[in-house]
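Summary of structural features
Spelled out, the chains give:
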Amino acid sequence: MLSMANHHSSLPVAYRLYLPKEWAEDGERRRKVGVPDDITFETKTDIALAQVRWACEADLPRGVVLMDAGYGASTELRRSIAALGLTYVAGILPNTTVWTSGAEPLPAKRWSGRGRPTKLMRRDAEHQPLSVKELAFNLPSRVWRKVTWREGAAAPLSSRFARVRVRVAHRDYRLGERRPEEWLLVEWPKGEKEPTKYWLSTLADDISFYRLVDYAKLRWRIEHDYKELKQEVGLGDFEGRGWRGFHHHATMSIAVYGFLISERGAFPPRHQLPKFSSRNLPFPKVIDPEDPPLRPERHVPNSIATLRRRLIIKLVAILSRCPCCAAKIQHVHVVIYDTVKLGTPCT
C-alpha cells in the first residue's frame, strides 16, 4: 500500500493484495477466488516500486519516499527509487554493510596489456566494509545527540541519534565505481544495550539533524492512520474470499477514510486546541455517593472516532425509526460540543 502523508494525516493512493507464489501458480485457487489472468507473482518490493512509478506517472505531488526495513533493506529498490529522481529515508537491517569516509574498496587492477582490462573494484583483508551495527558501536560519543521530534500523548518524544555519511557496500565488487554518499542515521535510546533502528537517506548533505530525524520518524503517521483505517472505518473487517470483493471493500473503506480526513481538516490541529478542549475535561464532583455523576466522554475533537460519532448522530437525527428495534423515534435536541451529548435513547 502506498500512502501520501504529512504531519497531520495520510491517505492510501495505491494498494494491491500480495499474492504468494504458491497461489499465483495454482490455477484452481485462482479460479475459485477470481484472480484476474493478468495478475502474476510479484515480490512485495516489485509491487511497491510499480506503485511509486505509477504515482510519478500520475503526476502526484512528489516528496520523500519513506520505507520500513522490510522494503528499505532492498538495495535494488532503493537504487530504482533514486533513479526516478526521488529521495528516500529507508529503514535498514543491522547487518547492512557500508564504507565510511576513511575507507573504500580498492580500484580495479592495472591492465597488464593482455586480455580485457578489468573495471571492477576489489577488496582484500585490509579493505573490508563495516556493518552499520559495528559502525555504530565505533562512533565517538561526540556525534551522538538527543533529538526531540514531536509531542507524544503524555510527553515529548525524544531519543539519542547519530548520523554519518557513508557509501553502501552491498556487492560493490561487481561495480566499476563507488556508489554515491548518503546519510546513515542510527537511533540508540538511552538505557538500551545496542542501537535499535538504522536508516539510509539520500536527503541533501546539508539537511539539519532535526529534519533528518523528523523524516525518519514520520512513518508513525502512516502506521497510526492505517490502524484507524482498519479499526475505525472497517478495512480489517472483510470476511469474503474473493479477489474483486476484497479490492471493492478496500476501495470503499479508503474512500470513506478520505472523506473523514477532509472533514477533519475543518478542525484545528491537536497542538492548537484550547485549554478547555475535551482532553482537559475535569472530573465531576461527587456530591451524593449513591448517585455519582456521569463523566462526559473524552473524545479528541479532530479524531476519526469523534468524526464518525458526529456523523452517526447527524444520521440518527433524520431517521424516522430506530435502526436496531424499528421503533419510531421521538427526536430530541442534540447538542454537539467537543464532548458529544446525546438525548434519551429510544426504548
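Refer to the structure printed above.
Here the structure is a predicted model, which means the values were calculated and not measured. Numbers given for residues are sequential positions, taken from 1 along each chain in its written order. Side-chain atom pairs in this predicted model are given and counted only at pLDDT of 80 or more, local residue features only at pLDDT of at least 70, and totals for whole chains, interfaces and linings cover all residues. Side-chain figures throughout are based on the complete set of non-hydrogen atoms in the structure, without hydrogens or water.

**Some remarks on helix H3 (residues 44-57)**
Runs of H or I in DSSP of at least four residues are treated as helices and runs of E of at least two as strands, each being numbered from the N terminus. In this analysis, the expected span of each helix is defined as 1.5 Å times one less than the number of residues it contains. Taking 1.5 Å of rise per residue, 14 residues should cover 20 Å, and H3 covers 20 Å from first to last C-alpha, within 8% of that figure. Buried within H3 are the following residues: Ile 47, Ala 48, Leu 49, Gln 51, Val 52, Ala 55 and Cys 56. Relative accessible area decides the class of each residue, using a 1.4 Å probe on protein chains only: under 20% of the type maximum gives buried, over 50% gives exposed, and in between gives partly exposed.

**Focus on the pattern of salt bridges**
Within this document, salt bridges are pairs made up of a side-chain nitrogen of Lys or Arg and a carboxyl oxygen of Asp or Glu, the two lying within 4 Å of each other. On inspection of all chains with the given rule, the structure shows ten salt bridges. For Asp 26, the salt bridge goes to Arg 29, with nearest N and O atoms at 3.7 Å. The salt bridge partner of Glu 181 is Arg 165, with a shortest N-O separation of 3.8 Å. Of this pair, Glu 181 sits in the loop between strand E8 (156-168) and strand E9 (182-187) while Arg 165 sits in strand E8; the two residues are 16 residues apart in sequence, bridging distant segments of the chain. Taken together, the shared-partner salt bridges connect Asp 68, Arg 219 and Glu 223 into one network.

**Digging into the nonpolar core**
Nonpolar side chains in soluble globular proteins tend to be buried together. Formed by 28 residues in total, the largest nonpolar core has its most connected members in Met 67, Ile 81, Tyr 88, Leu 184 and Leu 200. Of all the secondary structure elements, the ones that give two or more residues to this core are H3, strand E3 (65-67), helix H5 (75-83), strand E4 (88-92), helix H6 (132-138), E8, E9 and strand E10 (197-201). Considering every element that reaches this core, the biggest residue donor is H3, with four residues. Two residues qualify as a contact provided that any one of their heavy atoms is within 4.5 Å of a heavy atom in the partner residue. Sequence-distant contacts of Met 67, that is, excluding residues within four places in its chain, are made with Gly 72, Leu 77, Arg 78, Ile 81, Tyr 88, Val 89, Ala 90, Gly 91 and Arg 219. Residue types Ala, Val, Leu, Ile, Met, Phe, Trp, Tyr and Cys, when buried and joined through side-chain atoms within 4.5 Å, form a set referred to as a nonpolar core.

**Comments concerning the environment of Gln 231**
For Gln 231, the location among the structural elements is in helix H8 (residues 219-233). You can call Gln 231 exposed: its relative accessible area is 54%. Sequence separation between Gln 231 and Ala 305 is 74 residues, and the spatial gap between their C-alpha atoms is 9.7 Å.

**Notes on the pairing of strand E7 (residues 145-151)**
If DSSP finds at least two bridges between two strands, the strands pair. Here six bridges tie E7 to E8, and the two strands are oriented antiparallel to one another. If you follow Glu 151 over to E8, its bridge partner there is Pro 156. Hairpin connection from E7 to E8: four residues lie between these consecutive antiparallel strands.

**Overview of the environment of Arg 123**
Looking at the secondary structure, you find Arg 123 in the loop between strand E5 (97-99) and strand E6 (130-131). Residue classification places Arg 123 among the partly exposed residues on the basis of a relative accessible area of 27%. Spatially, the C-alpha atom of Arg 123 lies 5.6 Å from that of Pro 105, the residues being 18 residues apart in sequence.

**So, the side chain of Arg 221**
Locating Arg 221 in the fold gives a position in helix H8. Definition of a polar contact: a pair of N or O atoms within 3.5 Å, with one able to donate and the other able to accept a hydrogen when the atoms are protein atoms, and with sequence-neighbouring residues admitted only if both atoms are side-chain atoms. A distance of 3.1 Å separates the side chain of Arg 221 from the backbone oxygen of His 8, its partner in a polar contact. Here His 224 takes part through its side chain, which lies 3.1 Å from a polar atom of the side chain of Arg 221. If we ignore the near neighbours within four places in the chain, the residues touching Arg 221 are Asn 6, His 7, His 8, Ser 9 and Ser 10.

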